[in-house]
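# Secondary and tertiary structure notes
What follows is the residue order along each chain.
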Amino acid sequence: MSWLQALVLGLVQGLTEFLPVSSSAHVRITSTLFFGNDAGASFTAVIQLGTELAVLIYFAKDIGRFVSAWFRGLFSAEARKEKDYRLAWYVIIGSIPISVLGYLLKDEIRTSARNLWITATMLIVFGLLLGLADQLAKHSRSELTMKDAVGMGLAQALALIPGVSRSGGTLTAGLFLGLDRAAAARYSFLLAIPAVFGAGIFSIPDVLDRGPNDASVPQMVVATIIAFAVGYATIAWLLKYVSKHSYSAFVWYRVMLGIVLMGLLSMNLLPAN
């Protein structure tokens, strides 16, 4: 991997991780289209640590409250009545599906699931689902329930397939369940923390056991730092954006990108695998 490729992919990761457009798909497409190779699932998982560190810092006060409430609730019945205690459990429970399926299907995720035909199809299908949820859902609630945690957790597990989008899947589920856009977005950010940190840390040994064409450790570190800096700015922008706008721009973008990608694949201008 060249330094230019590492820098560009770090930038792409930071820009797209929190938008409902699939960061893994964009890293995969950008790497193949402009640099002639797939950077790999392990590379993608590790640079996602940068964007999730951005979430930790951006929501540090909230996360501190949740962790404190969770520990207090283990020993105090009164503390278990707190909203922060319940939300901490919602994040834990919502993280279970992707953790289990990510472990069981790790080989498929790194091989057959990265086929660009699958990526293009998922971009279109889940883009349309996001559009339906955004237009038809009630957007009437800001308080999460256990039902929301389970539903959005299951949706997040679908993001193991590039093109689905972790944030897009969880946002779609949250909107269909009746959450307003801002509440669905905030929970989507928080729900990603355990899953992405787990996947990134789990993938570090694979990255260190690198081949001649893989990213070096310094390249990996720099790409992760870039993803962190750009991702932090993206969080603030998206939360402000969704409070005033629909997701229609992202829906159209996903559908058009999926169609263009299918066209490139049909003309053999891109290798599917």
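This section reports on the structure supplied with the text. Predicted, not measured: the structure shown is a model, and the values here were computed from it. For every chain, the first residue of the written sequence is number 1, and numbering continues from 1 along that sequence. Local features in this predicted model are restricted to residues of pLDDT 70 or higher, and side-chain atom pairs are both shown and tallied only at a pLDDT of 80 or more, whereas totals for entire chains, interfaces and linings draw on every residue. Values shown for side chains rest on all heavy atoms present in the structure; no hydrogens or waters enter the calculation.

### A closer look at the packing of helix H5 (residues 83–104) against helix H8 (residues 146–157)
Note the following rule: Only the contacting stretch of a helix is used when fitting its axis, a line to C-alpha atoms as for every element, and angles between N-to-C directions run 0 to 180 degrees. Numbering of helices and strands runs from the N terminus; a helix is a DSSP stretch of H or I covering at least four residues, while a strand is a stretch of E covering at least two. Orientation categories follow fixed angle ranges, with anything under 35 degrees roughly parallel, anything over 145 roughly antiparallel, 65 to 115 roughly perpendicular, and all other angles oblique. Should the near helix be turned anticlockwise from the far one by less than a right angle, the crossing is termed left-handed; should it be turned clockwise, right-handed. Contact between two residues is taken to exist if any of their heavy atoms lie within 4.5 Å; hydrogens are not considered. For this scheme, ten residues count as nonpolar: Ala, Val, Leu, Ile, Met, Phe, Trp, Tyr, Cys and Pro. Four count as charged, namely Asp, Glu, Lys and Arg, and the remainder, Gly too, count as polar.
Here H5 crosses H8 at 25°, and the two axes come no closer than 8 Å. One element, H5, and the other, H8, form an angle in the roughly parallel class. As H5 packs across H8, the resulting crossing turns out to be right-handed. Mapping the contact onto sequence places Tyr90, Ile93, Gly94, Ser95, Pro97, Ile98 and Leu101 in H5 and Met146, Ala149, Val150, Gly153, Leu154, Gln156 and Ala157 in H8. Here the contact of H5 with H8 is composed, by residue class, of ten nonpolar, four polar and no charged.

### So, the packing of aromatic side chains
Under the convention used in this document: Whether two aromatic rings pair depends on their centres lying within 6.5 Å, for rings of Phe, Tyr and Trp, where Trp uses its six-membered ring; planes under 30 degrees apart make the pair stacked, over 60 edge-to-face, and the rest tilted.
Counting across every chain of the model gives eleven aromatic pairs. An angle of 65° between the planes, with centres 5.5 Å apart, marks the rings of tyrosine 58 and tyrosine 232 as edge-to-face. Of this pair, tyrosine 58 sits in helix H3 (residues 41–58) while tyrosine 232 sits in helix H11 (residues 217–242), and the two are 174 residues apart along the sequence. Aromatic rings pair up to connect Phe18, Tyr58, Phe59, Phe189, Phe228 and Tyr232 into one cluster.

### A few points about helix H9 (residues 166–176)
To keep it simple, the criterion reads: Burial status follows relative accessibility: with a 1.4 Å probe on protein chains alone, a residue under 20% of its type maximum counts as buried, one over 50% as exposed, and anything between as partly exposed.
Counting buried positions over the eleven residues of H9 gives ten, a clear majority of the element. All of the buried residues in H9 are Arg166, Ser167, Gly168, Gly169, Thr170, Leu171, Thr172, Ala173, Gly174 and Leu175.

### Regarding the environment of isoleucine 225
With respect to the helices and strands, isoleucine 225 occurs in helix H11. A relative accessible area of 52% places isoleucine 225 in the exposed class. Distance from isoleucine 225 to alanine 54, taken between C-alpha atoms, is 9.9 Å for residues 171 residues apart in sequence.

### Overview of the side chain of serine 22
For serine 22, the location among the structural elements is in the loop between helix H1 (3–16) and helix H2 (23–35). Leaving out residues up to four positions away in the same chain, serine 22 has contacts with Leu123, Pro162, Gly163, Val164, Ser165 and Arg254.

### Overview of unusual backbone geometry
For serine 22, which is not glycine, the phi dihedral falls at a positive 75°. Judged by its relative accessible area of 1%, serine 22 falls in the buried class. Positive phi outside glycine occurs at asparagine 268, with the angle close to 60°. Looking at where asparagine 268 falls in the secondary structure, it is placed in the segment after helix H12 (248–266). Exposure remark for asparagine 268: the relative accessible area of 66% places this residue in the exposed category.

### What to know about the packing of H2 against helix H7 (residues 116–136)
In a pair of packed helices, the angle between the axes and the distance between the axes together describe the arrangement. Closest axis-to-axis distance for the H2/H7 pair is 11 Å, and the angle between their directions is 135°. Considered as vectors, H2 and H7 are oriented oblique to each other. Here the hand of the crossing between H2 and H7 comes out left-handed. Seen from H2, the contacting residues are Ala25, Arg28, Ile29 and Thr32; seen from H7, they are Leu116, Thr119 and Leu123. Looking at the contact of H2 with H7 residue by residue, the class counts come to four nonpolar, two polar and one charged.

### A word on a nonpolar patch on the surface
Our working rule: Exposure above 30% relative accessible area and the absence of a salt bridge qualify a residue for a patch, where like charges join within 9 Å and nonpolar side chains (Val, Leu, Ile, Met, Phe, Trp, Tyr) within 5 Å. All accessible areas in this document rest on Shrake-Rupley with a 1.4 Å probe, and a residue is counted as covered only by the protein chains that are shown. Criterion for a salt bridge: a side-chain nitrogen of Lys or Arg within 4 Å of a carboxyl oxygen of Asp or Glu.
Together, Ile96, Val100, Leu101, Tyr103, Leu104, Leu105 and Phe202 make up an exposed nonpolar region whose accessible area comes to about 670 Å². Of the residues forming the nonpolar patch, the biggest block, five residues, is contributed by H5. Assignment of secondary structure puts valine 100 in helix H5.

### A closer look at H7
Rule in force here: Multiplying one less than the number of residues by 1.5 Å gives the expected span of a helix. In the analysis that follows, any N or O atom pair within 3.5 Å is treated as a polar contact, provided that within protein one partner can donate a hydrogen and the other can accept it, and provided that, for residues neighboring in sequence, both atoms belong to side chains.
Between its first and last C-alpha, H7 extends 30 Å over 21 residues, near the 30 Å set by a 1.5 Å rise per residue. Buried residues of H7: Leu116, Thr119, Ala120, Met122, Leu123, Ile124, Phe126, Gly127, Leu130, Gly131, Ala133 and Asp134, and no others. Measuring from the side-chain oxygen of the N-cap residue of H7 to the backbone nitrogen of tryptophan 117 gives 2.8 Å; that N-cap residue is asparagine 115.

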